[in-house]
Structure formats: C-alpha cells, structure tokens
Amino acid sequence: MRYVSTRGGMDPVTFRDAVILGQAPDGGLLLPEVLPDVSKELEGWRQLSFEDLAFEVIRLFADDIDDAVLKKILKEAFATFAVEDTIPLVQFDGLNVLELFHGPTLAFKDVALQVLGGLFEHILEGSLGRLNVLGATSGDTGSAAIAGVRGRPNIDIFVLFPDGRTSLMQELQMTTVLDDNVHCLGIEGTFDDCQELMKSIFGDLAFKEKYSLGAVNSVNWARVVTQIVYYVYAALKFNVPVSFSVPTGNFGNVFAGYLAKSMGVPIDRLVLATNENDILARFFETGRYTRGVVQHTLSPSMDIQVASNFERFLYLYFGRDSERLIEFLGTFSEQGSAEVDYVKSEDSFFIATSVGEEETRGTIKTTYASYDYILDPHSAVGVAAASRFDLGSPVISLATAHPAKFPDAVNEAIGKDVATHSRLTNLISQPTRKTLLPADEEAVKNYLATNAR
Ligand SMILES: *Cc1c(COP(=O)(O)O)cnc(C)c1O
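Residues numbered from 1 in each chain as written. Predicted model: local features only at pLDDT ≥ 70, side-chain atom pairs only at ≥ 80, totals over all residues. Heavy atoms only, no water.

Enquirer: Looking at this model, I keep getting lost on the overall build of the protein. Mind explaining?
Expert: Counting secondary structure elements, the protein contains 19 helices and 15 strands. Taken along the three principal axes of its C-alpha coordinates, the protein extends 60 × 50 × 50 Å. Taking all 453 residues of the protein together, 58% fall into the buried category. Put simply, of all contacts in the protein between residues at least 6 apart along the chain, 73% involve residues at least 24 apart. Accessible surface computed for the protein: about 18200 Å², of which carbon and sulfur atoms make up 48%. Computed over 38 positive and 60 negative side-chain charges, the separation of the two mean positions in the protein equals 2 Å. (Helix = DSSP H or I, 4+ residues; strand = E, 2+ residues; numbered from the N terminus. Buried < 20%, exposed > 50% of the residue type's maximum accessible area, 1.4 Å probe, protein only. Contact = heavy atoms within 4.5 Å. Areas by Shrake-Rupley, 256 points an atom, 1.4 Å probe, with all protein chains shown as cover. Lys, Arg positive; Asp, Glu negative; His and termini not counted. Charge placed at Lys NZ, Arg CZ, Asp CG, Glu CD.)

Shown next as structure tokens:
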C-alpha cells in the first residue's frame, strides 16, 4: 500500500516510510492512496481477540512489515495492558462503554503508541539506525509516548513539559521512567512555550536532519490505523449497525471511526463530542471552521482549538483535491476562518455537539448514581453527548482515560474520594529524574546535541 500527502507535493511512499516521516515534507499529512474494503471479511473476524483482529486490520495497511514481525509487535504492545481483553466493552442497561484506558499510562493513547513504539524499533533496526523523538506535552501525550519507547535500543525520547504546570501525577508518570533513553525536560514556561520550542526546532531542517529528529504526535499514520481496530472490534460485538460517541479535540480518534465506516464496517453514526472548545462541533453544524480562544476545562486533553488531524478529513471531503485543501488552509491561516459547502442533514454521518462543564460534572455524578460506574471527565463528555440524541442504533461511548488520572474533577462531581488506581499512587514513592531548562531554543538544542545518540 502506498501513502500520499494531503497536499499533493510528495511521491507516494511505503508504510515504513510513512511511519518514520510522521508528517509529509510538504507539510501535509499521509493517507493511503486507496482504503481497503473489509466488508466481506467481517463475519470471519467476529470471534477474534482484539490482538488478532489488530493483526488482520493493520496488515492491510502495513504490507511491507513481515506478518510474523507484526504479530510480535502487537503481542508485546497489548501485553502491557492490565486486562485480558485489552479494551473491554462494559455494558449497562442503556449505556455501552468501551474502556480504552487499561494501558501503561491509563489513557487511550497507549493503544496506538504501544504499537508505534514497536514499529519504530523494527523499522529502525532494518534501516536508518537511530531516531531521536522530540515531543511537547501538556501532560498526557508525553507519558504515553514515553511508555511506548522506553528501553528501546534505537530510540531516544525528549519530552518538553511546562515544569510545575502539569498535575503531579502527570509529571510522575513521565519522570519516574528512569530508562537511559528517556529525557524529561521540565521547561520554565507554559505549554505554549514548549510547543513553540518544538516547532522552531523542527523548523531548523539542518538540525533536524543532523540529529535524526522524529515526532510521535497524533498525526502519525500508525496511530490512526491502530485506532481503526477498536471501531471494528466493538462494532462486531453487535449484530446490528452501531453508533459511537467519541470525545475528541484533535479529531484523531474520531477520524479513525470515519475510516472504519469508509472501509465497510457497519457504523450508523459518529457522535463527535467536544468540550467547550467547540471548533469541530461548530464545523459540523455550519460548515464553517473558525478558530476560537482555548478554554481550560475539566477535560484538558481536549482543550484544543485547531485539530491537527482534521486536514485528513478535509482532503477526503474535497475528493482528494489537494488544491482545494491548500486554498482552505490558506484562508483559515490568514483569516482564522474558512468555509466549505457542508450541509448538515437528518442523516448526516457526523453528529457534533459541545458539552459544558456543568453537564460534564452532572454526567459523572448521575452515571455513578445509576450504575456505580466512574467516568473520567473526557469520557463523560462522550456519554453526555450521546445522551442528547435518539439514534435508533446502539451507541458505544469511548472511554479515553481512567478516572484516577483526573481525581479532582471526578471526586468533586461524585462527592467522595473514589478515583484512585494503585499504579498511580505507587508512583509517589518512586525515584524520579528530570532536567530543568529555560524556555530558550538554544538551551534545548544544546541539550539535544549533547544527549542525542
Ligand atoms: C488525547 C485525548 C483525547 C482526544 O483525542 P483526539 O485524538 O483528539 O480524538 C480524549 N481523551 C483523552 C483522555 C486524551 O488523552
């Protein structure tokens, strides 16, 4: 299978190259030239475990990875999950929750980042040698990325986080990882400073090349492809088409659901659930994509205004017309707003809605009262959004984080201390390592130059 850039400025590349590139050299995102149609395979896949299904789905996209190698990568990736069935579907009367948070850092990003780590290692062994991964995090992505690559011989990871501005648990999930290849860089500044630093370092192409810098952010194709698997897996647990409610910010998770549908998986609707940062919800209401000011909410991993994966959707929406896409992006970057002729209708596949803070708290509280079940604030946004619509198909809400990752919001909503996880409380007594650096490009580059292998 060959991969092209959404912006049309790159010769097609293989899966291996797509994974290492992350982003296309022309600034676009990578997508397969054609999507496979799996509708005839589905019946045969019904009884498969998540791991075996992942093999069947991912091999369609990763046709230059040896089958035995892919099996091994998936086995190792999902062995890090705390439960036998990797991503259990929990069912109550009227509520279906797909728990995606049983990986090492208790968030859904582990599902894909565990696989990405294994793919990186395998691909590097065969060719390039080494990769120095550079990332910026406001908390959650950093620890999941670290968990994906810790201890791997061909990779070093450097994570910039705003020192003192993440939660204590988020910091400990990074700094208690003592493997030699893990570098936690506490930046004396904000998350925006960290992102700016990362962008300008990646922008220095000579530096990037000299130190083989790579990224693990949410636009890496291997992450999207792994996320497709759980839509297939959950849909096959039902005998009728299902809908999903997906808490989203970067349009990553929900885009994977759109691809699953496009590949023939029986999905009725996708409820796109945002918090108060509702740029995506507004787009699917009006066809207008307009930047707003980032609001800080109880679901911080969705406090995003410009959704990095949305470009892939737009490219497909424009019938793979890169010129139209580039024009749209140009207008958006100049004017902070751009429009397509999207018309919302009764049977639109995407149903988008934004959930406020009170309703998020209320949903945590009532779900606990009704089912004795604890939602984290991100998952609660999805459950609240789903409850607004009467779809006529079973709805599966994706649970993207364990409640213990956001104990303050959860405990406050429920009124007692219920959100704990031994894996997190154990971190408090463990040794840590981090390096403090000023929010200064030269300082970070010096650190990289000295420590990159
Ligand atoms: C990253 C994240 C999300 C949003 O993921 P998208 O890729 O934007 O859909 C939702 N919930 C949690 C807990 C996350 O960490």
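Moving on from the model shown.
Enquirer: Is there a simple way to think about the site of the ligand in this case?
Expert: The environment of the ligand is formed by 15 residues, the closest being K109, T248, G249, N250 and T400. A distance of 2.4 Å separates an oxygen atom of the ligand from a polar backbone atom of N250. A distance of 3.4 Å separates an oxygen atom of the ligand from a polar atom in the backbone of G252. For the ligand, the accessible surface in isolation is 390 Å², of which the surrounding protein chains cover 96%. Taken together, the residues that form the shell around the ligand break down as 5 nonpolar, 8 polar and 2 charged. (Near = heavy atom within 4 Å. Polar contact = N/O pair within 3.5 Å; in protein donor to acceptor, adjacent residues only side chain to side chain. Nonpolar A, V, L, I, M, F, W, Y, C, P; charged D, E, K, R; others polar.)

Enquirer: How should I be thinking about the nonpolar core in this particular structure?
Expert: Counting 110 residues, the largest nonpolar core has F251 and F350 as the members making the most contacts within it. Ignoring anything within four residues of it in the chain, the contact list for F251 reads L272, L280, F284, A307, N309, F310, F313 and F350. (Core = buried A, V, L, I, M, F, W, Y, C linked by side-chain atoms within 4.5 Å.)

Enquirer: Would you explain the sheet that holds strand β15 (residues 435-438) in this entry?
Expert: One key point about sheets: their strands pair by backbone hydrogen bonds, in either a parallel or an antiparallel sense. Taken in spatial order, the 5 strands line up as β8-β5-β6-β7-β15 in an open sheet, and their pairing is parallel. The sheet is open, and its two borders are formed by β8 (213-214) and β15, each paired with just one other strand. By the bridge criterion, 6 bridges tie strand β6 (residues 155-162) to strand β7 (residues 182-188) in an arrangement that is parallel. Considered in β7, the bridge of F158 is made with H183. (Pairing = 2+ DSSP bridges.)

Enquirer: Where do I start with helix α17 (residues 407-414) in this structure?
Expert: For α17, the set of buried residues is A409, V410, N411, A413 and I414. Tucked into the core, α17 has its buried residues touching α15 (357-371) and α16 (377-387). A positive phi of about 90° marks G415, the residue just after α17.

Enquirer: Whenever I open this one, the pairing of strand β13 (residues 350-354) confuses me. Can you help?
Expert: Consecutive side chains along a regular strand alternate between the two faces of the sheet. Here β13 lies mainly inside the structure; 4 of its 5 residues are buried. Of the pairings in the sheet, the one linking strand β10 (residues 267-274) to β13 comprises 5 bridges and is parallel in character. Looking across to β13, one finds that A273 is bridged to T353.

Enquirer: Can you help me understand the sheet that holds strand β3 (residues 89-92) in this one?
Expert: Taken in spatial order, the 6 strands make up an open sheet running β3-β4-β14-β9-β10-β13, and their pairing is mixed. Of all strands in the sheet, those with a lone pairing partner are β3 and β13, marking the two edges. Pairwise comparison of adjacent strand axes, ignoring direction, gives a mean angle of 25° for this sheet. Where strand β9 (residues 242-247) and strand β14 (residues 395-399) come together, 3 bridges link them in parallel fashion. Paired with F244 across the two strands is I396, which belongs to β14. (Axes fitted to C-alpha atoms, helices over the stretch in contact; angles between N-to-C directions.)

Enquirer: Help me understand the packing of aromatic side chains in this model?
Expert: Applying the stated criterion to the full structure yields 36 aromatic pairs. A cation sits over an aromatic face here: K71 above F55, 4.7 Å from the ring centre. One cation-aromatic arrangement involves K445 over F207; the distance from NZ or CZ to the ring centre is 5.3 Å. (Phe/Tyr/Trp six-rings, centres within 6.5 Å; stacked < 30°, edge-to-face > 60°. Lys NZ or Arg CZ within 6 Å of the ring centre and 35° of its normal.)

Enquirer: Please explain helix α10 (residues 221-235) as it appears in this structure.
Expert: Think of an α-helix as 3.6 residues a turn; residues three or four steps apart then line up on the same face. Taking 1.5 Å per residue, 15 residues should reach 21 Å; α10 reaches 22 Å between its end C-alpha atoms and fits that length. With 15 of its 15 residues buried, α10 lies for the most part within the structure. (Expected span 1.5 Å × (residues − 1).)

Enquirer: Could you clarify how one ought to interpret the pattern of salt bridges in this entry?
Expert: For side chains bearing opposite charge, pairing can occur when the charged atoms are close. Using the criterion set out here, one finds 22 salt bridges in the structure. A salt bridge links D268 to R269; the shortest N-O distance between them is 3.8 Å. We classify R269 as buried; its relative accessible area is 15%. For the salt bridge of R388 with E359, the shortest nitrogen-to-oxygen distance reads 2.4 Å. One end of the pair, R388, is in the loop between α16 and β14; the other, E359, is in helix α15, and 29 residues separate them in sequence. Here the salt bridges share partners, and the residues they tie into one network are E56, R59 and D67. (Salt bridge = Lys/Arg side-chain N within 4 Å of Asp/Glu carboxyl O.)

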